[in-house]
Each structure stands twice: as structure tokens, then as C-alpha cells.
Amino acid sequence: MEDTQILQLYIARNEDAIKETDAKYGRLCFQVANNLLYCQQDAEECVNDTYLCSWNSIPPKMPSNMMAFLCKITRNLSLKRLEFRQAQKRTPEQTVSFEELKEVLPDDRINSMIEDRDIGRTISQFLRTETPDSRNVFLRRYWYFDSIRTIARTYRFSESKVKSMLFHTRRRLKEYLKKEGIAV
Amino acid sequence: MKTPRVTKSMNYIDDDLISAAADYRPQTGGQRIWKRAAAIAACVALILSSLITVEATTGGISRLFALIWGGGHAEIVDELAVPLGNSASTDGYTMSVEAVLGDRYQVVMIYRLRRNDGQPIPQEGLFFDTQDYLRLGGNYDLGRRSLTTLYPSPDREDEVFFSEIVTYPRPIFGLPAQVKFQNLMLLEKNGTVTPVARGPWHMSFTLDYQDSTVELPTCGQVITSPRKKDYRIHRASVSSVGAHLELVPLLDAPQESSAEGTLICDWCDVSARTTDGRTIRAGFSGETEWFLDPVTTANVVFEYPVDVNDLDALIVNGTEIPIP
């Protein structure tokens with residue numbers, strides 16, 4: 001079903017909106033949550049919370065990009081749940097991609113006047129200067145939290161190539177953020 | 001550990017970039033895309049033999065392949081594999097393709113990298129950066145390569161070994177091959193990457209080994225995906241190394257695309273049964289991603305090589321294909 005048709009269902013408060021959202025984006029949202037949480041039950045709960053959130057926010061919100069809208073909600077909820085689990089000392093083993101990004105922009109190096117939204121906008125600008133391969137490998141790793149192996153399989157790159165691309169992109173991003181005054 | 005702020009900030013990345021990354025596929029030459037999988041990793045036992053040298057004599061070559069499969073398959077490896085030894089030396093390092101073993105659609109290659117000055121070489125973390133290629137028959141450009149796995153040398157500090165599986169939907173047996181490696185890099189434990197040697201190392205050889213491929217009489221067996229879509233096994237062959245499958249979706253069952261995460265390798269199990277009742281697992285090494293061609297072609301590699309005459313049946317998602 002087209003996104004506009006799904007949105008119509010939301011507007012009409014037709015509960016099929018959730019069913020159609022799940023059919024079209026459920027797998028992707030689950031993947032985003034599961035990549036972070038490594039727990040099927042938690043990931044499924046995050047996806048269900050995503051549907052609840054979208055049900056409550058559409059309308060008045062009318063997302064122009066349904067996929068990104070849903071994935072962002074799932075990612076946010078999953079990060080929050082992950083933080084909660086970490087506080088409860090129930091941490092997953094794999095937080096490697098956090099560490100990798102942390103090196104690019106440590107919290108204590110962020111300009112105190114800068115908001116998260118500005119950092120996101122600057123990273124978007126940077127990514128638009130990258131080649132499509134580099135940009136999408138970067139996003140698959142640090143936005144969708146795919147494993148190196150998954151990226152390599154999906155894009156038909158060697159794992160070594162993926163690691164190398166990520167390393168170089170992180171290095172360029174670090175320089176860019178410094179140049180833009182995000183990092184001090 | 002607290003979630004870094006930069007990770008949270010990335011939630012504000014532009015929507016179009018996010019959705020594009022979900023669907024993105026790198027450019028390729030054709031409509032029919034061959035996807036190579038990292039399946040062998042699950043099957044590979046890293047058992048090192050004592051001394052590994054290239055010997056064009058019976059018994060020597062199996063020691064090379066013992067890096068991948070351990071030392072228990074010497075008889076079949078010695079029967080099928082071929083020693084090579086073509087090498088290229090540049091930038092203080094010599095790279096050589098030591099041996100090949102394969103079937104009609106896939107080949108396993110062992111490479112050796114050695115420092116010319118005899119100084120120690122890192123035994124882990126080494127890899128070749130982009131821009132290397134493997135060409136077959138002058139026609140196929142397999143482009144990006146994968147599955148180049150590093151093995152420490154069991155007895156010398158100045159060398160390491162790499163294995164590579166090349167898999168293709170069309171026959172590759174007997175074709176001349178050209179290989180290029182370059183940009184030898186070292187991935188440190190802290191995640192930094194440092195260049196080691198630039199290369200390039202070019203090698204040419206022929207994929208001329210003992211092809212044990214046997215075509216199987218298929219009777220239109222049908223396998224069903226978790227989404228209840230049926231595929232007919234159009235063609236199948238098996239060898240001592242693995243198997244080759246061609247699947248056709250039945251009418252009203254459009255092929256599932258990888259964008260939906262439904263590659264055949266994600267839901268299809270392949271194994272072989274021996275005449276004495278053993279089960280040999282297989283991992284997908286590659287499959288075509290459907291665009292226009294209605295046939296999905298997939299290759300699998302067995303967890304270890306086996307004499308094809310000792311195989312009784314190929315089992316695809318529970319469906320048996322007898323091996324005559």
C-alpha cells in the first residue's frame with residue numbers, strides 16, 4: 001500500500017493503519033530495534049511502541065517520508081530502552097559502533113552552544129559531500145546499527161573494505177565537525 | 001555506558017538520507033546481481049597444521065587447505081586441488097597464489113604473503129583495501145571481492161596466508177584468471193587502520209583443477225519460503241565442494257527481493273547426506289538478486305570437502321534430491 005493511503009487510514013482513525021504500517025515497515029523497524037537491543041522481545045515492544053507513537057501523532061503530524069519517520073521513532077525508543085537497560089546493568093555485548101562514533105565527537109568536545117539538531121544537520125551536510133557508497137555504509141553502520149558483516153553482505157563489499165570505508169569516513173567527519181565549529 | 005550525544009544527534013539527520021540508505025544498492029554492471037555471502041565463515045574450522053609449504057606432490061597441498069578445513073580431509077583435497085605458486089613481488093612483500101580447489105561454479109584459493117626481508121609480519125588484522133579485482137576469462141569482472149580470510153602462519157613470522165572463495169552463477173572452471181591485490185592495511189585493535197604496503201600484486205593463472213560436479217536429475221521439487229511462496233528447483237548440481245541451485249518462482253509467486261530481507265540464504269537450508277548417513281552442512285556462498293531474470297541462482301559450499309561418490313542426497317529445505 002502507498003504511504004499516502006496508509007496516512008489516509010491514520011487520518012480516518014482506521015486501525016488498519018497499524019496493520020498496513022506493520023506489513024510495510026514492520027520488518028525494517030524491527031531490524032533497527034534489534035540491531036540496538038539484541039533482544040527479540042524488547043525489539044518487538046519497541047516496534048509496537050513505535051506504532052502507538054505514530055497512531056498518537058498522525059494527525060496532526062503528516063510525515064512526508066513515512067519510512068524515515070517510523071525508523072526515527074523506533075531508533076529513539078530503542079536508544080532510550082538501551083539506556084534504561086544499561087542503567088539496570090543489563091547491557092548488550094555489542095556497543096562497538098557507539099565507541100567508534102564517540103571517538104569522532106566525544107561528548108566533552110562538543111561546543112556547549114550547539115544543539116543536537118544542529119549536530120544532526122551538520123552531519124547531513126557532511127554526508128552529502130561523500131560518495132553514495134561511503135555515505136550509505138556510514139548510515140547503515142551508525143544510524144541503522146548494522147553489523148560490519150551485514151553491510152558487507154548487503155552491499156557485496158568485503159568486510160575489510162567496509163571497515164576501511166568507515167575508518168576514512170569517520171576521519172573526514174571529525175575534520176568536518178571541527179571545521180564547522182561543532183567540535184572544540 | 002551512556003549513549004554518546006553524537007549518536008542521539010544523528011536522529012536529526014535528513015529524512016531523505018535515512019530512507020535512501022535503507023534501499024541503497026551499489027551500482028553494478030547488470031540487472032542480474034550476484035550476491036556473495038559470508039556463509040563459509042560459519043563452516044570454517046581454523047585448525048592449523050604443523051608445517052605448510054607448497055609442494056606439488058601428493059600430501060603437500062592438503063596441508064595448505066588444512067588452514068581452512070583442518071587436517072582430516074587430505075585424501076579428497078589431494079585428489080581435487082592443484083598447486084600453483086604464481087607470485088608477484090613489490091614493495092618489500094611477495095604475494096603468491098599457492099593452490100586452488102573448486103568445482104564448476106566456485107573455487108577456493110589459498111594465497112601466501114611473505115616479507116622479503118624476513119622480518120616479522122602481523123599475524124592478525126591485515127587486509128587488502130579496495131580497488132583489487134579478480135577477472136575470469138577476460139569476460140567476467142567479478143569486481144569487488146570478498147571472503148579474503150586471514151590465517152596466521154603456523155611456523156614462520158614473516159608470512160601469513162589468505163583464503164578466498166570465488167563463486168559465480170555461470171561456470172568458471174577452466175577459465176584463465178587475473179588477480180590484483182593492493183593497499184595492504186593493518187586494522188589495529190583500537191580500530192585505527194594503518195597502511196603497510198601499497199602493492200599492487202598482479203598474478204595470472206588458470207582455474208584448472210579436478211571438477212567433480214555432477215548434474216542432478218530434478219523432478220520439479222518445490223520448496224516454500226516462510227512467506228509461503230513456492231519455488232521449483234529447476235536445476236541442481238553437486239560436487240565435492242558444494243552445490244549449485246537454480247530456483248524458479250511458481251506462478252503468482254513473485255520473487256522475493258533482498259530489499260525485503262528475503263534472500264534465499266536467509267530462509268533456505270541446504271545440506272548433503274552421505275551414503276553412511278552423515279549430514280554435511282552447507283552455507284550459501286552467493287546468489288543472484290532478482291531484477292529481470294526469473295531464475296534465482298545460488299551456490300553453497302559444504303563445511304568441508306567430501307568425495308561426491310560418497311554423497312547420497314542433497315537436501316534443500318527438507319526436500320531431498322537423490323544423487324545418482
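This text gives an overview of the structure that appears in the document. (Residues numbered from 1 in each chain as written. Chains lettered and ligands numbered in written order. Predicted model: local features only at pLDDT ≥ 70, side-chain atom pairs only at ≥ 80, totals over all residues. Heavy atoms only, no water.)

A word on the side chain of Ser-9 of chain B
- Within the secondary structure, Ser-9 of chain B sits in helix H1 (residues 5–9).
- Ser-9 of chain B sits in the buried class, given a relative accessible area of 0%.
- Among the polar contacts listed, one links the side chain of Ser-9 of chain B to the side chain of Asp-116 of chain A, at a separation of 3.4 Å. (Helix = DSSP H or I, 4+ residues; strand = E, 2+ residues; numbered from the N terminus. Buried < 20%, exposed > 50% of the residue type's maximum accessible area, 1.4 Å probe, protein only. Polar contact = N/O pair within 3.5 Å; in protein donor to acceptor, adjacent residues only side chain to side chain.)

Some details on the pairing of strand E21 (residues 311–316) of chain B
Residues and elements named next belong to chain B.
- Burial within E21 is extensive, with five of its six residues counted as buried.
- In terms of strand pairing, strand E18 (residues 270–274) meets E21 through five bridges, oriented antiparallel. Across the sheet, the residue bridging to Ser-271 is Ile-315, located in E21.
- In terms of strand pairing, E21 meets strand E22 (residues 319–322) through four bridges, oriented antiparallel. From the neighbouring strand, Leu-314 faces E22, where its bridge partner is Ile-321. (Pairing = 2+ DSSP bridges.)

Section: the sheet that holds strand E5 (residues 126–128) of chain B
- Taken together, the three strands give an open sheet; going across it, the order is E5-E11-E12 (chain B), and neighbouring strands pair in antiparallel fashion. Every other strand in the sheet has two partners, leaving E5 and strand E12 (193–197) of chain B as the edge strands with one partner each. Ignoring strand direction, the axes of neighbouring strands in this sheet form an average angle of 40°.
- In this structure, strand E11 (residues 184–187) of chain B lies alongside E12 of chain B, joined through four bridges in antiparallel fashion. In the strand pairing of E12 of chain B, Met-185 of chain B is matched with Pro-195 of chain B.
- The sheet strands contacting helix H9 (residues 159–179) of chain A are E5, E11 and E12 of chain B, and the helix crosses E5 of chain B at an angle near 90°. (Axes fitted to C-alpha atoms, helices over the stretch in contact; angles between N-to-C directions. Contact = heavy atoms within 4.5 Å.)

Details of the interface of chain A and chain B
- Tallying the contact residues gives 57 residues for chain A and 53 residues for chain B.
- For chain A, the biggest contributors to the area lost against chain B are Asp-116, Arg-153 and Arg-156 of chain A; these three give 15% of the whole.
- The interface formed by chain A and chain B contains five salt bridges.
- Breaking the side of chain A that touches chain B down by element, the ones donating at least two residues are helix H2 (16–37), helix H4 (66–87), helix H5 (96–104), helix H6 (116–129), helix H7 (132–142), helix H8 (148–155) and H9 of chain A.
- For the side of chain A that touches chain B, the element with the highest residue contribution is H6 of chain A, accounting for nine residues. (Buried area = accessible area lost by both parts, 1.4 Å probe. Salt bridge = Lys/Arg side-chain N within 4 Å of Asp/Glu carboxyl O.)

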